[in-house]
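One-letter residues, chain by chain:
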Amino acid sequence: MFQRFRRTRLNKHLRSLVRETHVHVEDFIYPLFVRSGEGIKTEVASMPGVFQMSIDEILKECRELQSLGIYSVILFGIPDVKDSVGSDALCDHGIIASAIKAIKKEYPDMFVVTDLCFCEYTDHGHCGIIDEVKETVVNDATLELSGQQALVHARAGADMIAPSGMMDGIIEALRVALDEGGYSDLPIMSYSTKFASGYYGPFRDVAESTPSFGDRSSYQMDPANRREAIAESIEDEAQGADILMVKPALAYLDIVREIKDATTKPMAVYNVSGEYAMLKFAGMNNLIDYERVVMETMVAFKRAGADIIISYHAKEVAKMLQQ
């Protein structure tokens, strides 16, 4: 006799009882983009519902997030002045350090993750010190500055560091710098498998981080490479990463599953700006049932193996889950 799979689908309550994958508001980290000034909340045209905000507006946003049950954010800083080495990221009164301090003072139970990179802070838009002849980032010199940046974040009160520049050896370099600086309990969420992707386009609008020349293919991963993608995350685990990440998420769910099966660490995905914008504009033009597709996408991330979802949809999903 054949199996009647539909028996457990006919009643909505039974469908809920046998559902294998669940999305919870606690799964989410919400990205925030902070710049200096006061009363600034500027919407990004390519990312409806996403804003550049001054610190006072960031604090209002944190209050709304907590009302929705979201207690984890990841901060990106947009400095007024950029230079070749990203100096604003290396000082204790820079935009990112100031934002961390303000959030932790006003909302001490907010879990503040900091994106650690230089692309938002440099005048060339790349993720570290530039070799002008080869037109790429100098790996080891960037590691040294990254350690300094991590200590700035730690002193300001960050709860977790998330290095996104895809420098070889970055996790070990940060772990050593943090441990020697007295922050051995501070976790690192590695952008362990980050692809050189076309899905990042709108992010460069909000973060003002478009490279002034070339692209990031010489240090971010080739989207075609599956085995190398797995090796990148396994290497970061070996260097001491506490959480691994795949970025982007939607086009790389096969990689998420393979890394999840190959490591013991929690897995994060970054539901990036291009993925967000595609659903936003499709919904605005009535091409899809927006809420249904958003939730279906979040389920796909969890089903593939994600424990944590970094997403611009997080507030919307929180509201959907309350319904």
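## Regarding the nonpolar core
Here is step 1: Core analysis: the largest hydrophobic core is formed by 79 residues, its most contacted members being Leu 32, Leu 75, Ile 103, Met 110, Leu 178, Val 246 and Met 298.
Here is step 2: Setting aside anything within four residues of it in sequence, one finds Met 298 in contact with Val 23, Phe 28, Asn 271, Ile 309, Ser 311, His 313 and Val 317.
Here is step 3: Membership of the second largest hydrophobic core comes to 25 residues, among which are Ala 162, Ile 243, Met 245 and Ile 310.

## Concerning helix α9 (residues 273-284)
Here is step 1: With 12 residues, α9 extends 16 Å between its outermost C-alpha atoms, agreeing within 8% with the 16 Å of an ideal straight helix rising 1.5 Å per residue.
Here is step 2: Counting buried residues along α9, nine of its 12 residues qualify, which places the element largely inside the surrounding structure.
Here is step 3: All of the buried residues along α9 are Ser 273, Gly 274, Glu 275, Tyr 276, Ala 277, Leu 279, Lys 280, Ala 282 and Gly 283.

## Quick look at the pairing of strand β4 (residues 72-78)
Here is step 1: Where burial is concerned, most of β4 is hidden: seven out of the seven residues are buried.
Here is step 2: Neither face of β4 is left uncovered, since the one carrying Ser 72, Ile 74, Phe 76 and Ile 78 and the one carrying Val 73, Leu 75 and Gly 77 both have all their residues buried.
Here is step 3: Inspection of the sheet shows strand β1 (residues 28-35) paired to β4 by six bridges, in the parallel sense. Paired with Tyr 30 across the two strands is Val 73, which belongs to β4.
Here is step 4: In the sheet, β4 pairs with strand β5 (residues 111-116) via four bridges, with the strands oriented parallel. The partner of Val 73 across the bridge, within β5, is Val 112.

## Quick word on the side chain of Gln 239
Here is step 1: Structurally, Gln 239 can be placed in helix α7 (residues 226-239).
Here is step 2: Owing to a relative accessible area of 13%, Gln 239 belongs among the buried residues under this scheme.
Here is step 3: If near-sequence neighbours (up to four positions away) are discounted, Gln 239 is found in contact with Gly 169, Ile 170, Ile 171 and Glu 172.

## Section: the packing of α7 against helix α8 (residues 253-262)
Helices that pack against each other are described as a pair by the angle of their axes relative to one another and the distance between those axes.
Here is step 1: Running from amino to carboxyl end, α7 crosses α8 at an angle of 45 degrees, the nearest separation of the two axes being 10 Å. Compared by their axis directions, α7 and α8 come out oblique. Crossing hand, α7 versus α8: right-handed. Contacts between α7 and α8 involve Arg 226, Ala 229, Ile 230, Ser 233 and Ile 234 from the former and Ile 255, Glu 258, Ile 259 and Ala 262 from the latter.
Here is step 2: Looking at the contact of α7 with α8 residue by residue, the class counts come to six nonpolar, one polar and two charged.

## Some thoughts on the packing of aromatic side chains
Here is step 1: Throughout the structure, instances matching the rule amount to six aromatic pairs.
Here is step 2: When the ring of Tyr 191 is compared with that of Tyr 270, the centres are 6.4 Å apart and the planes differ by 40 degrees; the resulting orientation is tilted. Of this pair, Tyr 191 sits in the loop between α5 (170-180) and β9 (193-194) while Tyr 270 sits in strand β11 (residues 267-271), and the two are 79 residues apart along the sequence.
Here is step 3: On the numbers, 6.1 Å between centres and 50 degrees between planes, the contact of Tyr 270 with Tyr 312 is tilted.

## Topic: the side chain of Arg 175
Here is step 1: Its place among the elements puts Arg 175 in helix α5.
Here is step 2: Of the polar contacts made by the side chain of Arg 175, one reaches the backbone oxygen of Leu 186; its length is 2.9 Å.
Here is step 3: Sequence-distant contacts of Arg 175, that is, excluding residues within four places in its chain, are made with Tyr 183, Ser 184, Leu 186, Pro 187, Ile 188, Gly 240 and Asp 242.

What counts, and at which threshold
Residues numbered from 1 in each chain as written. Predicted model: local features only at pLDDT ≥ 70, side-chain atom pairs only at ≥ 80, totals over all residues. Heavy atoms only, no water. Core = buried A, V, L, I, M, F, W, Y, C linked by side-chain atoms within 4.5 Å. Buried < 20%, exposed > 50% of the residue type's maximum accessible area, 1.4 Å probe, protein only. Contact = heavy atoms within 4.5 Å. Helix = DSSP H or I, 4+ residues; strand = E, 2+ residues; numbered from the N terminus. Expected span 1.5 Å × (residues − 1). Pairing = 2+ DSSP bridges. Axes fitted to C-alpha atoms, helices over the stretch in contact; angles between N-to-C directions. Parallel < 35°, antiparallel > 145°, perpendicular 65-115°, else oblique. Left-handed = near helix turned anticlockwise from the far one by under 90°. Nonpolar A, V, L, I, M, F, W, Y, C, P; charged D, E, K, R; others polar. Phe/Tyr/Trp six-rings, centres within 6.5 Å; stacked < 30°, edge-to-face > 60°. Polar contact = N/O pair within 3.5 Å; in protein donor to acceptor, adjacent residues only side chain to side chain.

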